[in-house]
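Spelled out from the first residue to the last, the chains are:
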Amino acid sequence: IDVETREVLKDHLEEREKRTPRPERGPIIAIVDTSGSMHGAPERVAKALVLEALRRAHAEKRRCLVFLFSGPGQVEEQELSLAPEGIARLLAFIQRSFGGGTDETSVLKRVLQRLREQAWRKADVLFVTDGEWRAGQDVVQAVSEARAVGTRFHGVQVGHTGHSGLHAICDPVHMFRDWAAMEGWRR
C-alpha cells in the first residue's frame, strides 16, 4: 500500500472511531447453568466457554464474577482474583455442580443486585444455559433497565434448539448445538 492510500485509510478509521467509539470494556459476570438438564457434555461445554471468557478477561485485567446455579436456593458466586491462587480457587469452584431443577429467576435477581453496585454497573453478562426455562416479565423488565445504563447481556444456548427464556433477556444469543459430538471426547 502506498503512502497516500495508507493516510486515507488512517483518516477513515479515525473518523469512524469518532462516530462509533469502541465500547467500554467493563467487568464480566458469567452465569453457568448446572441443572440436571445440563448434566454431562452440555455442562462441560458451558464451563469451557466460561473459562475461556474468564481467561481473556484475566489477561485484560477485567474484574470477573462467576455464578453457578440450579434449582431453588442453589446459587453460588465467586469473584476471580487476579492473584495466582485466585485461578486455583476459580478452577475448584467451577467444578461444582448442583444437578437439580432450574431456577433462573433467583440467579438473575442476584446478578441484577450486583449490577446496582458501582463496580459492576457496566458489566458484560455472559449467561450459558440450555435455556429450558421462561423468563418472567419482572426479570425481563429489570434486565432492560440494566441494559439502559450500559450492561450488556450475551447468551450461549447449549443444546436445546427452541426459542427460550435466554432469548428474552440476552442479545445476542449464540446457539451451540454440536455439544453431542463432545460426548465421546475424554481427557
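To keep things clear, this report deals only with the structure shown in the data block. (Residues numbered from 1 in each chain as written. Predicted model: local features only at pLDDT ≥ 70, side-chain atom pairs only at ≥ 80, totals over all residues. Heavy atoms only, no water.)

### With respect to the overall build of the protein
Worth spelling out the cut-off: For the purposes of this entry, the term helix denotes a DSSP run of H or I that reaches at least four residues, the term strand denotes a run of E that reaches at least two, and both are numbered from the N terminus. When a residue's accessible area, from a 1.4 Å probe over protein chains only, is under 20% of the maximum for its type it is buried; when over 50% it is exposed; and in between it is partly exposed. For this analysis, residues touch if any pair of their heavy atoms sits within 4.5 Å. With residues, only the protein chains shown are counted as cover, and all accessible areas are computed by Shrake-Rupley using a 1.4 Å probe.
Counting secondary structure elements, the protein contains six helices and six strands. N-terminal to C-terminal, the α/β element order of the protein is α-β-α-β-β-α-α-β-α-β-α-β. Looking at the 187 residues of the protein, the share that counts as buried comes to 39%. Pairs at least 24 apart in sequence give 70% of the contacts found in the protein among residues at least 6 apart. Only carbon and sulfur atoms are counted for the fraction: they give 53% of the accessible area of the protein, which is about 10700 Å².

### Topic: helix H3 (residues 84–94)
One turn of an α-helix holds 3.6 residues; hence residues three or four places apart share an orientation. Operational definition: By definition, the arc is the one covered by directions from the helix axis to the C-beta atoms.
Turning to H3, its buried residues are Gly86, Leu90, Phe93 and Ile94. Summarising the axial view, the buried residues of H3 lie within an arc of 85 degrees, below the 170-degree limit, and thus occupy one face. Turning to H3, the residues buried within the fold contact helix H2 (41–59), strand E2 (64–69) and strand E3 (75–80).

### A look at the pairing of strand E4 (residues 124–129)
The criterion, for reference: Being paired, for any two strands, means DSSP has found at least two bridges between them. Consider the strands pointing away from the viewer: the crossover is right-handed when the path from the first strand over the helix to the second runs clockwise.
Most of E4 is tucked away: six of the six residues are buried. Alternating residues of E4 divide into Asp124, Leu126 and Val128 and Val125, Phe127 and Thr129, and every residue in both groups is buried. Relative to E4, strand E1 (residues 28–33) runs parallel, the two being bridged by five bridges. Paired with Val32 across the strands is Val128, a residue of E4. Regarding topology, helix H5 (residues 137–148) serves as the crossover connection from E4 to the parallel strand E5 (residues 152–158), and that connection is right-handed.

### What about the packing of aromatic side chains?
To keep it simple, the criterion reads: Classification of ring pairs uses Phe, Tyr and Trp, with its six-membered ring standing for Trp, and accepts pairs whose centres are within 6.5 Å; under 30 degrees between planes counts as stacked, over 60 as edge-to-face, and the remaining range as tilted.
For the structure on display, the rule yields two aromatic pairs. Between Phe69 and Phe127, the ring centres sit 5.8 Å apart and the planes meet at 85 degrees, which makes this aromatic pair edge-to-face. One end of the pair, Phe69, is in strand E2; the other, Phe127, is in strand E4, with 58 residues separating them in the sequence. For the pair Phe69 and Phe127, one class covers both residues: buried. What links up through ring pairs into an aromatic cluster is the set Phe69, Phe127 and Trp133.

### Some remarks on the environment of Asp171
Within the fold, Asp171 resides in the loop between helix H6 (165–169) and strand E6 (173–176). Residue classification places Asp171 among the exposed positions, given a relative accessible area of 60%. In this structure, the C-alpha to C-alpha distance between Asp171 and Arg152, residues 19 residues apart in sequence, is 7.9 Å. Residues within four places of Asp171 in sequence aside, it is in contact with Arg147 and Phe153.

### Observations concerning the packing of H2 against H3
We apply this condition: Orientation is described by lines fitted to C-alpha atoms, with helices fitted over the stretch in contact, and by angles between N-to-C directions that extend from 0 to 180 degrees. Roughly parallel refers to an angle under 35 degrees, roughly antiparallel to one over 145, roughly perpendicular to one between 65 and 115, and oblique to any angle outside these ranges. In a left-handed crossing the near helix is turned counterclockwise from the far helix by less than a right angle, and in a right-handed crossing that turn is clockwise. Amino acids outside the nonpolar list (Ala, Val, Leu, Ile, Met, Phe, Trp, Tyr, Cys, Pro) and the charged list (Asp, Glu, Lys, Arg) are all regarded as polar, and Gly is one of them.
It is at 12 Å that the axes of H2 and H3 come closest, and there the two elements cross at 165 degrees. When the interaxial angle is binned, H2 and H3 end up roughly antiparallel. In this structure, H2 meets H3 at a crossing whose hand is right-handed. For the pair H2 and H3, the contacting residues are Lys47, Val50, Leu51, Leu54 and His58 in the first and Ile87, Leu90, Leu91 and Ile94 in the second. Along the lines of polarity and charge, the residues of the contact of H2 with H3 split into seven nonpolar, one polar and one charged.

### Some thoughts on the environment of Gly131
Locating Gly131 in the fold gives a position in the loop between E4 and H5. Between the C-alpha atom of Gly131 and that of Gly159, which follows or precedes it by 28 residues, the distance is 8.7 Å.

### Let's talk about the side chain of Ser35
Rule in force here: We call two N or O atoms a polar contact when they sit within 3.5 Å, provided that within protein one can donate a hydrogen and the other can accept it, with sequence-adjacent residues counted only if both atoms are side-chain atoms.
Topologically, Ser35 is positioned in the loop between E1 and H2. The exposure class assigned to Ser35 is buried, which follows from its relative accessible area of 1%. Within the local environment of Ser35, its side chain forms a polar contact with the side chain of Thr102, the two groups lying 3.3 Å apart. Apart from residues no more than four positions distant in its own chain, Ser35 is found in contact with Glu43, Phe69, Ser70, Gly99, Gly100, Gly101 and Thr102.

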